[in-house]
Amino acid sequence: MKNIIDTFSNMDSRRAHQLRKKGASLVYSIFRLVILLSIGFIIIYPLMYTIVTSLQSKYAFLNSTRVWIPTEFAIAENYAAAFNAMEYMSSLWSTFKNELLSAAIEIASCALVAYGLARFDFKLKKFYTAILFLTILVPEMMILIPRMLNYSHLDLFGILGLFNNLTGIDLRPNILDSVWAFWLPSIFGVGLRSGILIYIYIQFFKGLPKELEEAAWVDGAGPFKTFLAIALPSSGVVILTVTVFAMIWHWNDSLLSGMYLSEEFPLAQQVTRLQETLGQKYLVAFNGRDPQAIGYLMAGCVLFIVPMLVVYMIVQRWFIESIDRVGITG
Amino acid sequence: MKKQKRNRGIVELKSRYGYMFTTHWIIGIVIFFALPLIQSILFSFSKIEIVSGGIDFNLVGIENYKDILLTNANYDTWLTSSITTYLYSLPIIILLSMSLAIILNQKFRGRLFFRALYFLPVIISTGAVINLIFKTTGSDMSDIGVSDAYSANMISVDDIVLLLDIDGEIASFITQTISKIFDLVWSCGIQIVLFLAGLQSVPQSFFEASRVEGATKWEEFWFITFPSLSRVTLLVSIFTMVELITSERTTLIKNVYSMMRAGNYDETSAMMWFYFLICGGMMGIFVFLYTRFLMKRWE
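Residues numbered from 1 in each chain as written. Chains lettered and ligands numbered in written order. Predicted model: local features only at pLDDT ≥ 70, side-chain atom pairs only at ≥ 80, totals over all residues. Heavy atoms only, no water.

Student: Got a minute to help me understand the overall build of chain A in this structure?
Tutor: A count of helices and strands for chain A gives 16 helices and zero strands. Buried positions account for 51% of the 330 residues belonging to chain A. Long-range contacts, defined here as pairs at least 24 residues apart, represent 71% of the contacts in chain A between residues at least 6 apart. Accessible surface computed for chain A: about 16,200 Å², of which carbon and sulfur atoms make up 67%. (Helix = DSSP H or I, 4+ residues; strand = E, 2+ residues; numbered from the N terminus. Buried < 20%, exposed > 50% of the residue type's maximum accessible area, 1.4 Å probe, protein only. Contact = heavy atoms within 4.5 Å. Areas by Shrake-Rupley, 256 points an atom, 1.4 Å probe, with all protein chains shown as cover.)

Next comes the structure, spelled out in structure tokens:
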């Protein structure tokens, strides 16, 4: 009899323990969900507000009893105004030409540099790696003005300047306001935040097995062929990560384009100047809190974000997976 | 003897290969990085005039620095406000992104959705558009936004702090932090990505061993996860510091940037260099202390 009671009480305590554990994990899951949702709300709130405001008319905006569901839509009006003010199509072309293409060049040229630094030992390699970290640490803004001044009289090795001094003929080209102001640094692997991209590549290349590449050398493939035929095909993950970062940074860049371009502007620049241009074109005032202007402005923001969002939605699945596998932090 | 020679041949070959891949970058570094950097330092010590065919500058020593520190009335304010923001944002961003990454690394339903959501700031927050959005939506609570009308009716953070009867210093810290909550959460994008990548590289066998030994979740976090993340934390800290220093949302950068566009190159160079030297110095101290004391202890 006593035995039976013992067994029962034992069972009870074990079940109680299990239940308690289950309860604790349930509480934790709820806690986790609450945290994730509330911080998620902070992320989503400005975006939702932007989208809703861009859809509604000024009367709906002034109606403070309805915040999230507009009482009156003015989609066509808001978006047409923003579209015109931003000169959307030509700005999009400018973004593509200046920013996205130079991002593409950067992705390729940084891969080469990183492969060189990750795979081969050579004199001064430590020094170059230190320089690489320096380029990550020194903010782009520090060297922006001298770069801009140099671009207006581009003189790669001082030869043309010397020629100018001797003969008075100025052959130095002005590459401001042209794509070369963006492409040249990218070609040389020192474009927008190239340091970080090279660093990500290096961490990945270091983790690739060396044996395959060595076998390729033994079989007589040159270093570039090895790189193209063996290293690159197995680095899809890192290329995706780098591409996403480079494209995003270039798409959002208003710093360089603000300095280098003065005639046509990429989208990021148009968004930065949007209040100004809207004010000129539609005579709306921002400091007076003109509700009409807010609708136009938010429509402009949506127009700027949407292409990126669409691309992000397409690649996000692979992007999130690739982050698991790329081992950025080695 | 022969083998050694052949080895040297391979070494030489490899070194040549190395240069084949990196020469363009080295040239680029000289032209587009080193030279402008030196020029920028020179600019900060000189007066600049823009003439046709380039610029004219003559060295004037530390005149610019004297000017900005002693005569310029605004610079001190910009500097202090930027540095305070930098100092209190950093630990909050690191802690927040680390905890979010740990949560997002767990297995639960809807994980993919939340990950996609939390990566959203990565694609937007580096851009100019976020300033506009924050200002207009009233998420930038330090500014008087448009949504005043709504927020006036809600209980504000100040009321709560008053109600709870918290001391001045702490209260101001709390109100500041909460009023910047949008800014802080939105700065966590890439940091979460980096921490997640770091968490993937923690060997699972560590956790199995600790489970066998009967460690609690808390001990697991404190003795395995946290130390394994020490290198990532350093990387994330450095990245965050650079981001915070150069963010166009800081007062100093915003003002200096508009001065630059107006064509003032000498004083702005001095302003930037002074600011970056202070921030860089603090960064150096942090990195030194971190590697010297924390990382040593864990390894």
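From this point on, the discussion continues.
Student: What is the right way to read the overall build of chain B from this model?
Tutor: Secondary structure assignment for chain B yields 15 helices and two strands. A buried classification covers 44% of the 299 residues belonging to chain B. Partitioning the intrachain contacts of chain B with sequence separation of at least 6 by distance along the chain shows that 66% fall at a separation of at least 24. Total accessible area computed for chain B in this model is approximately 15,900 Å², and 63% of it derives from carbon and sulfur atoms.

Student: Please clarify how the interface of chain B and chain A should be interpreted in this entry.
Tutor: Note on interface size: it is often stated as the accessible area lost on association of the parts. If you look at the interface, chain B gives 91 residues, while chain A gives 100 residues. Contact between chain B and chain A buries roughly 8,800 Å² in total, counting both sides, with carbon and sulfur atoms accounting for 77%. Its largest share of buried area at the contact with chain A, chain B owes to Phe21, Trp25 and Phe32 of chain B, together 11% of the area lost on that side. Scanning the region where chain B abuts chain A turns up one salt bridge. We note a salt bridge from Glu243 of chain B to Arg193 of chain A, for which the minimum N-O separation is 3.2 Å. Along the contact surface separating chain B from chain A lie 14 residue pairs in polar contact (both at pLDDT 80 or more). At 22 residues, helix α1 (residues 2-44) of chain B tops the list of elements feeding residues into the side of chain B that touches chain A. For the side of chain B that touches chain A, the residue count by class is 61 nonpolar, 22 polar and eight charged. (Buried area = accessible area lost by both parts, 1.4 Å probe. Salt bridge = Lys/Arg side-chain N within 4 Å of Asp/Glu carboxyl O. Polar contact = N/O pair within 3.5 Å; in protein donor to acceptor, adjacent residues only side chain to side chain. Nonpolar A, V, L, I, M, F, W, Y, C, P; charged D, E, K, R; others polar.)

Student: Explain unusual backbone geometry here, please?
Tutor: Glycine aside, negative phi is the norm for most residues, and most peptide bonds take the trans geometry. All names here are of chain A. Although it is not a glycine, Glu87 sits at a positive phi angle of roughly 50°. We note that Asp177 has phi near 65°; this positive angle belongs to a residue other than glycine. In this fold, Asp177 is placed in the loop between α7 (159-167) and α8 (180-187).

Student: Can you walk me through the nonpolar core in this structure?
Tutor: If you look at soluble globular proteins, the nonpolar side chains tend to sit buried side by side. Within the largest apolar cluster, 176 residues are counted, with the highest numbers of intra-cluster contacts made by Tyr260 and Phe304 of chain A together with Trp25, Tyr118 and Tyr275 of chain B. The two domains that each donate at least three residues to this core are domain 1 (2-44) and domain 2 (64-142 + 180-298) of chain B. Once residues lying within four places of it in the same chain are set aside, the contact partners of Trp25 of chain B are Val113, Leu117, Tyr128, Leu132, Phe188, Gly189, Val190 and Ile198 of chain A. (Core = buried A, V, L, I, M, F, W, Y, C linked by side-chain atoms within 4.5 Å. Domains from an automatic or database assignment.)

Student: What should I look at first to understand the environment of Ala74 of chain A in this one?
Tutor: Residues and elements named next belong to chain A. In this fold, Ala74 is placed in the loop between α2 (58-62) and α3 (75-85). A relative accessible area of 10% means that Ala74 is categorised as buried. Distance in space between the C-alpha atoms of Ala74 and Gln56 is 5.0 Å, their sequence separation being 18 residues.

Student: Just to check I follow, could you spell out the environment of Ser82 of chain B for this structure?
Tutor: Residue and element names in this part refer to chain B. Following the sequence through the fold, Ser82 ends up in helix α3 (residues 75-105). For the pair Ser82 and Arg249, spaced 167 residues apart in the sequence, the C-alpha separation amounts to 9.4 Å. Look past the residues within four positions of Ser82 in its chain and what remains in contact with it is Thr250, Thr251, Leu252 and Tyr275.

Student: Honestly, the confidence of the model for chain A in this entry has me stumped. Any pointers?
Tutor: Counting all residues, the mean pLDDT for chain A is 83, and 86% of those residues have values of 70 or more. Confidence, expressed as mean pLDDT per element, reaches its minimum in chain A at α7 of chain A with 69 and its maximum at helix α4 (residues 88-119) of chain A with 93. (pLDDT = per-residue confidence, 0-100.)

Student: Would you mind going over the layout of surface pockets with me for this structure?
Tutor: By rolling a water-sized probe across the atoms, one finds the places where empty space is left. Volume-wise, the second largest pocket comes out at about 1,100 Å³. Looking at the second largest pocket, it is lined by 30 residues, and the ones nearest its centre are Tyr28 of chain A together with Ile102, Ile103, Gln106 and Thr225 of chain B. For the lining of the second largest pocket, the secondary structure elements donating two or more residues are α1 (2-55) of chain A together with α3, α4 (111-124), α10 (189-200), α11 (204-213) and α12 (217-228) of chain B. With eight residues, the top contributor of residues to the lining of the second largest pocket is α3 of chain B. Here the residues of the lining of the second largest pocket are counted per class, giving 17 nonpolar, six polar and seven charged. (1 Å grid on protein atoms, 1.4 Å probe; cavity = no way out; pocket = protein on both sides within 12 Å on 5 of 7 lines; lining within 4 Å. Points joined across faces, edges and corners; volume = space filled by probe spheres on them.)

Student: What is the right way to look at the packing of aromatic side chains in this model?
Tutor: Counting across every chain of the model gives 41 aromatic pairs over all chains. Between the aromatic rings of Phe108 of chain B and Phe114 of chain B, the centroid separation amounts to 6.4 Å while the plane-to-plane angle is 45°, which identifies the pairing as tilted. Of the two residues, Phe108 of chain B and Phe114 of chain B, both sit in the buried class. Look at Phe221 of chain B and Trp222 of chain B: their rings are 6.1 Å apart centre to centre, the planes differ by 35°, and that puts the pair in the tilted class. Taking relative accessible area as the criterion, Phe221 of chain B reaches 23% and is therefore assigned partly exposed. When its relative accessible area of 41% is taken as the criterion, Trp222 of chain B is described as partly exposed. Cluster of aromatic residues (ring-pair linked, three or more members): Tyr115, Phe120, Tyr201, Phe204, Phe205, Phe224 and Phe227 of chain A together with Tyr17 and Phe21 of chain B. The ring of Trp249 of chain A carries the charged tip of Arg193 of chain A above its face, separated from the ring centre by 4.6 Å. The side chain of Arg292 of chain B reaches across the aromatic face of Phe293 of chain B, ending 5.7 Å from its centre. (Phe/Tyr/Trp six-rings, centres within 6.5 Å; stacked < 30°, edge-to-face > 60°. Lys NZ or Arg CZ within 6 Å of the ring centre and 35° of its normal.)

Student: What should I look at first to understand the packing of α4 of chain A against helix α11 (residues 223-231) of chain A in this one?
Tutor: Residues and elements named next belong to chain A. The geometry of α4 relative to α11 is characterised by a closest axis approach of 12 Å and an angle of 105° between their N-to-C directions. Taken together, the axis directions place α4 and α11 in an arrangement best described as roughly perpendicular. Judged by residue contacts, Ala111, Leu112 and Tyr115 of α4 engage Phe224, Thr226, Phe227 and Ala231 from α11. (Axes fitted to C-alpha atoms, helices over the stretch in contact; angles between N-to-C directions. Parallel < 35°, antiparallel > 145°, perpendicular 65-115°, else oblique.)

Student: Looking at this structure, how should I read the side chain of Gln270 of chain A?
Tutor: By secondary structure assignment, the location of Gln270 of chain A is in helix α14 (residues 267-272). Look past the residues within four positions of Gln270 of chain A in its chain and what remains in contact with it is Ala85, Met86, Glu87, Ser91 and Phe265 of chain A.

Student: Sorry, what's going on with the side chain of Ser210 of chain B here?
Tutor: All names here are of chain B. The topology assignment puts Ser210 in helix α11. Here the side chain of Ser210 touches Glu220 through a polar contact of 3.3 Å, side chain to side chain. Apart from residues no more than four positions distant in its own chain, Ser210 is found in contact with Ala215, Glu220 and Ile224.

Student: Which parts of the structure should I look at to understand α10 of chain B?
Tutor: An α-helical segment advances 3.6 residues per turn. Residues three or four places apart therefore align on the same side. Across its twelve residues, α10 of chain B extends 17 Å between first and last C-alpha, which sits within 8% of the 16 Å expected from 1.5 Å per residue. Regarding α10 of chain B, the residues found buried are Gly189, Ile190, Gln191, Ile192, Val193, Leu194, Phe195, Leu196, Ala197, Gly198 and Leu199 of chain B. (Expected span 1.5 Å × (residues − 1).)

Student: Looking at this structure, how should I read a nonpolar patch on the surface?
Tutor: Residues and elements named next belong to chain B. Residues Val30, Leu35, Ile38, Leu42, Phe57 and Leu59 make up a contiguous nonpolar surface patch of about 520 Å² in total accessible area. Mapped onto the nonpolar patch, the elements with two or more residues apiece are α1 and β2 (54-59). At four residues, α1 tops the list of elements feeding residues into the nonpolar patch. By the secondary structure assignment, Leu35 is in helix α1. A relative accessible area of 43% places Leu35 in the partly exposed class. (Patch = residues over 30% accessible without salt bridge, like charges linked within 9 Å, V, L, I, M, F, W, Y side chains within 5 Å.)

Student: Looking at this model, I keep getting lost on the confidence of the model for chain B. Mind explaining?
Tutor: Close inspection of predicted coordinates is inappropriate in any region flagged by low pLDDT. Residues and elements named next belong to chain B. Mean pLDDT over chain B works out to 79, with 82% of the residues at or above the 70 mark. When pLDDT is averaged over each element of chain B, α3 comes out on top at 89 and helix α6 (residues 148-151) at the bottom at 43. Overall, residues 140-154 carries pLDDT values under 50, and its contacts beyond four positions in sequence, including any with other chains, amount to 22 contacts.

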